[in-house]
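Summary of structural features
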Amino acid sequence: MRIVDIREKTVSIASPIANAYIDFSKMTCSLVAVITDVIRDGKPVIGYGFNSNGRYGQGALMRDRFLARITEADPDTLVDHENNNLDPFAIWKALMTNEKPGGHGERSVAVGTIDMAVWDAVAKIEGKPLYRLLADRYRNGVADDKVWVYAAGGYYYPGKDQSKLKAEMQSYLDRGYDVVKMKIGAVPLDEDIRRIEAVLEVVGDGRRLAVDANGRFDLQTGIAYAEAIKKYNLFWYEEIGDPLDYALQAELANHYELPMATGENLFSHQDARNLLRHGGMRPDRDFLQFDCALSYGLVEYMRTLKVMDEMGWSSRRVVPHGGHQMSLNIAAGLHLGGNESYPDVFQPFGGFADGIKVENGYVGLPDIPGVGFEAKSALYAVMRELGEG
Ligand SMILES: O=C([O-])CC(=O)C(=O)O
Ligand SMILES: [Mg+2]
């Protein structure tokens, strides 16, 4: 059993949307196909993965050094003989050969994307949905049969007035979501307050609205927003300042008692541990948003969950960033608190399997081997072109 080829293609997920920090006019992501010599249903098993929005494609890094470490390794060292499958942990170790500790930058995205494609292949070889494989191997066979999801959107873009923002949020409620998220921080505070109040007219209750500043604010601005939004009792106040400024995050906890969220731009279990050590995050109310595809994949995610456990954090406090099926499987299989969803943006990578409806804020997973990409036809069409073309 061996990996015979790994292919990468950088694809556009460009759109006119913007958050407080970046616009997405040139956004790309890496799509990866891990081609094996294992035959299922008369065809070679191919594992697929992609990285979440925000970090761009990582094809150059992959081709420069990571892909050859797998294709040139002794195939036998990458096999899990006990389960007669590929060994994602051994593959991860091979990927990280001659990589120094620290320096968790774009490398974590390149490795994370390849790792997620490996897990798709592993679950396909085992003939199980990934969430089922994870529950069987690591959670005594108990998986969640549905996952809480919230609808992320509310971006800034040219010509988007409040009536369009309200219509967008109404359409998420109409599609079964009970919590929505919008961007803040790209316009002055009073204008954001008017946007928030417009969305509250649609969702009715602050507990159904999260806001995301995308790391834009300094401490003073973060506190000014905290003071201004307190009265709305929002679901969470996300990524207020720079993701690596743990002292800022800790100080905010002295000014905002309601839930905060952060972590999507941390890239390793060491980063996660630093956040929990120094960021003042509160395990009884705050949310962590680590994203497997941006942070060395699922092998590393398990280390992050272990760090959380050791530091007294329930896995239910994690609601990953990225709005993809990979995190959805991790959420169901490893008992996270939920998952992000992008019902409209970043297509065909955002969103879940075709025909699976969100009901009262919860979504189920398709009962097919792997991550479930084959059940999302627009996405699978792009994947197949890379893997089988
Ligand atoms: O706009 C982005 O970069 C995505 C983001 O923060 C989120 O989904 O939470
Ligand atoms: Mg965010």
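In this text the structure is predicted, and so the values were computed from the model without any measurement.

1. Some words on the site of ligand 1
Surrounding ligand 1, one finds 13 residues, the nearest of these being Tyr155, Lys181, Asn214, Glu340 and Tyr342. For ligand 1, whose unbound accessible area comes to 270 Å², protein coverage reaches 96%. Here the shell around ligand 1 is composed, by residue class, of 3 nonpolar, 4 polar and 6 charged.

2. Focus: the side chain of Glu264
Assignment of secondary structure puts Glu264 in the loop between β10 (260-262) and α9 (269-278). At 3.4 Å, the side chain of Glu264 and the side chain of His321 are in polar contact.

3. Section: the packing of helix α3 (residues 106-126) against helix α10 (residues 297-310)
Remark: α3 packs on α10, axes separated minimally by 6 Å, with the N-to-C direction vectors making an angle of 100 degrees. The orientation of α3 relative to α10 falls into the category roughly perpendicular. In contact with Gly112, Asp115, Met116 and Trp119 of α3, α10 contributes Gly297, Leu298, Val299 and Met302. Its residues assigned to classes, the contact of α3 with α10 shows 5 nonpolar, 2 polar and 1 charged.

4. Topic: the packing of helix α6 (residues 189-203) against helix α7 (residues 219-229)
Running from amino to carboxyl end, α6 crosses α7 at an angle of 35 degrees, the nearest separation of the two axes being 11 Å. Seen from above, α6 lies across α7 with right-handed handedness. Contact with α6, carried on its side by Leu189, Asp192, Ile193 and Ile196, involves Ala224, Tyr225, Ala228 and Ile229 of α7 and no other residues of that element. Of the residues assigned to the contact of α6 with α7, the class counts are 7 nonpolar, no polar and 1 charged.

5. A closer look at the pairing of strand β2 (residues 28-40)
Consecutive side chains of a regular strand alternate in pointing toward one face of the sheet and then the other. By the criterion of burial, β2 is predominantly enclosed, with 10 of the 13 residues buried. Note: strand β1 (residues 3-12) against β2, 9 bridges, orientation antiparallel. What sits directly across from Ile3, in β2, is Thr36. What sits between the antiparallel neighbours β2 and strand β3 (residues 43-50) is a turn of 2 residues, in which Asp41 has the positive phi angle 50 degrees.

Conventions we followed
- Residues numbered from 1 in each chain as written.
- Chains lettered and ligands numbered in written order.
- Predicted model: local features only at pLDDT ≥ 70, side-chain atom pairs only at ≥ 80, totals over all residues.
- Heavy atoms only, no water.
- Near = heavy atom within 4 Å.
- Areas by Shrake-Rupley, 256 points an atom, 1.4 Å probe, with all protein chains shown as cover.
- Nonpolar A, V, L, I, M, F, W, Y, C, P; charged D, E, K, R; others polar.
- Helix = DSSP H or I, 4+ residues; strand = E, 2+ residues; numbered from the N terminus.
- Polar contact = N/O pair within 3.5 Å; in protein donor to acceptor, adjacent residues only side chain to side chain.
- Axes fitted to C-alpha atoms, helices over the stretch in contact; angles between N-to-C directions.
- Parallel < 35°, antiparallel > 145°, perpendicular 65-115°, else oblique.
- Contact = heavy atoms within 4.5 Å.
- Left-handed = near helix turned anticlockwise from the far one by under 90°.
- Buried < 20%, exposed > 50% of the residue type's maximum accessible area, 1.4 Å probe, protein only.
- Pairing = 2+ DSSP bridges.

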